[in-house]
Amino acid sequence: MMRSADEPTTRELAQRLITYEGSQIDPADGNIYAVGRVCDKLRGPLATLVGPAGFCSLLMRALTLAKRDAPVLSAWEVRPDGSLEGLSDETTQMGAVLIAQLIGLMITFIGESLTLRLLRDVWVDLPDSAAMVERNESE
Amino acid sequence: MKEQNKVKINQLPTGVPGLDEILGGGLPEFSFNIIAGAPGCGKTTLAHQFIFANATVERPALYFTVMGEPALKMLRYQQQFTFFDAAKLNSAVRFINLSQDLIERGLQGVLEEIAKQVEAANPSIVVVDSFRTVLRSEMHEGKEMVVQTFVQQLALLLTSWEATTFLIGEYSETEVRENPVFTVADGLFWLFQQVDRNSVVRKMQIMKLRGQASVPGLHTFRITEDGLQAFSRTLGLVGQRKTFNRVKYLSMGIPALDEMMGGGVPEGDSLLIAGSSGTGKSLMATQFLAAGIRAGEPGIAAVFEERPNEYTARASEFGLDLQTPLANGTLEVIYLRPLDLSVDEMMQEILDAVKRTGAKRLVIDSLAGFEMALAPSFRADFRESLYRMIFALTAVGITILSTLEMPETFTELSFSSYSISFLTDDIIRMRYVEIDGQLRQILMVVKMRRGVHSRDIRQYEITADGIIIGERLKSFVDLVTGIPKPRSGVLRFDE
């Protein structure tokens, strides 16, 4: 059975979030990676929902699954506070794999509709985010 | 206090069909309530129904989860219910996990976080699930005052912020006296899941509700894809009875029988057709319904032994078209899932169908099937339940025909094996008799509460056109025993 994370739409969404966050980074800020920003933004609402420990568990599971698809992520770890460590310029290109796995886990647990709503609430400025929810609802 | 000086307590709809009536109109606004019960009895679902029915973006519901069911799984399961509105999530309905606060900062940390969230969101509803877990973290010797203080402060905080509150917990009944939260609570909802043989019956009790009169006792409820539905134990016993200015007689669809009954069944009566297997009780009931449809009177058939299509197919074998009225909504055939039914559910189902169809006639075929469909615990007080049901249904003005299978004896004539004849206004008895080496069928009108009826015992036949009633059997005596004797040679007192 195909996992939600492997669906092209999930991967595409993950990539869009990475791209969007990447465009918001000020080069002067130094070692800030788009994948880290996506995770940090998700941490707030997900930790509210499932607690900080619950968010860490989800992210660790997503990272474990992502490492299977992209062994280059082997150095990445989840800190106890739910942030990522071990990121590097070389490996962050594969950040979308992790985000796709995290979104995939959310879809597995609470379904596509609620997941898209949660993401829309976090990325209100992301072009097409509201339309994405509406499309899903109408389907 | 004078009426005009009393504070008016607003009542909020619970979102649970039937529960508002049990509560006496709805849930008192700003009340501090506990939903208690064992795991799996529907506590969380009840709270969710309430929040989705009441929460708005301006006055949202805050649902605090603590150490119990993870919110992700809660959302996974709760979204299966039809009342779950995904559009309200994170706007009108917000889930907040407090586990970390409890682990790191104890009760004070939980209180501070709830206060912070409440002040920020201005919620109309607050739920803490599971509250027992919160208190249990400090429920040990020497900490009683800490717990009591926490409960007091929480109640004060949430009431001051004009929030209606639900604390959910897997409490046992023995805790009611000792746990301070029960003293502080305005409302106490206890949910039970009782196992009797192989069946499970869900019941709820409003053990306490300040400010208004709720209906005491245990009320059954069911959980379906629509969530909880509650059935008040006084369902149908309150309210006005429909009265008729003049007696209108409804045709049975068998002209000779109408004549025997003095014109038919008086509208609003409860008629019992009693007889042994194969005597044509169901056919008579079907003819009664069909006659109503022809007269423009919608009907309902509550059947327990066959499915709706089988029921209409059997009617068509006797030239009765029930398929058309079934399709156009003037007939409803109610087939309820057997074996774990409660009388209240059955009654609610029929009352809802009466509202939908405007039905004037109801057939219950049969009482024995109905009893079998009930959970064992309800069979024990079947008579009482039946009384309540017949009273409730006739109160809305519907005319009821119930069939009852009787064991055939050839020495006596009993009217009802349930001793329920006192519940019915009218009784028709059908039975077999042995005549000339043949098993023939006779019927008699035993009782018509509101009028004069024929005393004749008449033979009848079941034909392709339905029941055809023949002549009075004048040549025999002792017909009611089933073993009649030829009249000749027997001296009767009137001869």
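Described below are features of the structure shown in this document. (Residues numbered from 1 in each chain as written. Chains lettered and ligands numbered in written order. Predicted model: local features only at pLDDT ≥ 70, side-chain atom pairs only at ≥ 80, totals over all residues. Heavy atoms only, no water.)

Residue and element names in this part refer to chain B. Taken in spatial order, the 9 strands line up as S16-S15-S17-S18-S14-S19-S20-S21-S22 in an open sheet, and their pairing is mixed. Edge positions in the sheet fall to strand S16 (331-335) and strand S22 (466-472), since each has one partner strand and no second. With strand direction ignored, the average angle separating the axes of adjacent strands in the sheet is 25°. Note: strand S20 (residues 438-448) against strand S21 (residues 457-463), 4 bridges, orientation antiparallel. Residue pairing for S21: Gln441 is matched across the bridge by Tyr460. Docked against the sheet, helix H9 (residues 281-294) engages strand S14 (270-275), strand S15 (299-303), S16, strand S17 (361-365), strand S18 (399-405), strand S19 (426-435), S20, S21 and S22, running at close to 165° with respect to S17. (Pairing = 2+ DSSP bridges. Helix = DSSP H or I, 4+ residues; strand = E, 2+ residues; numbered from the N terminus. Axes fitted to C-alpha atoms, helices over the stretch in contact; angles between N-to-C directions. Contact = heavy atoms within 4.5 Å.)

Further remarks concern the interface of chain B and chain A. Residue-level contacts link 15 residues of chain B with 17 residues of chain A. Carbon and sulfur atoms make up 65% of the surface buried where chain B meets chain A, a total of about 1400 Å² over both sides. At the junction of chain B and chain A, the tally comes to 0 salt bridges. One can count 4 residue pairs in polar contact (both at pLDDT 80 or more) joining chain B with chain A. Contributions of two or more residues to the side of chain B that touches chain A are made by helix H3 (71-78) and strand S5 (93-97) of chain B. Ranked by residues supplied to the side of chain B that touches chain A, first place goes to H3 of chain B with 4 residues. Residue classes in the side of chain B that touches chain A are distributed as 9 nonpolar, 5 polar and 1 charged. (Buried area = accessible area lost by both parts, 1.4 Å probe. Salt bridge = Lys/Arg side-chain N within 4 Å of Asp/Glu carboxyl O. Polar contact = N/O pair within 3.5 Å; in protein donor to acceptor, adjacent residues only side chain to side chain. Nonpolar A, V, L, I, M, F, W, Y, C, P; charged D, E, K, R; others polar.)

Under the 1.5 Å per step criterion, the end-to-end length of helix H2 (residues 34-69) of chain A is only 19 Å for 36 residues, more than 12% shorter than the ideal 52 Å. At Val50 of chain A, H2 of chain A shows its maximal kink, close to 115°; a proline, Pro52 of chain A, follows between one and four residues later. (Expected span 1.5 Å × (residues − 1). Bend = angle between axes of the 7 residues up to and from the residue.)

What follows covers the packing of aromatic side chains. Residues and elements named next belong to chain B. Within this structure, the stated rule accounts for 12 aromatic pairs over all chains. For the pair Phe166 and Phe189, a centre-to-centre distance of 6.0 Å together with 70° between the ring planes defines the contact as edge-to-face. Separated by 23 residues along the polypeptide, Phe166 in strand S7 (residues 164-169) and Phe189 in strand S8 (residues 187-196) bring together distant segments of the chain. Judged on exposure class, the residue Phe166 and its partner Phe189 are both buried. With a centroid separation of 5.2 Å and 15° between ring planes, the pair formed by Phe304 and Phe370 is classed as stacked. In this pair, Phe304 sits in the loop between S15 and helix H10 (308-316) while Phe370 sits in helix H13 (residues 367-373), placing the two residues 66 residues apart along the sequence. Across the pair, exposure class does not vary: Phe304 and Phe370 are buried alike. Put simply, the rings of Phe52, Phe81, Phe83 and Phe84 pair up and form one aromatic cluster. (Phe/Tyr/Trp six-rings, centres within 6.5 Å; stacked < 30°, edge-to-face > 60°. Buried < 20%, exposed > 50% of the residue type's maximum accessible area, 1.4 Å probe, protein only.)

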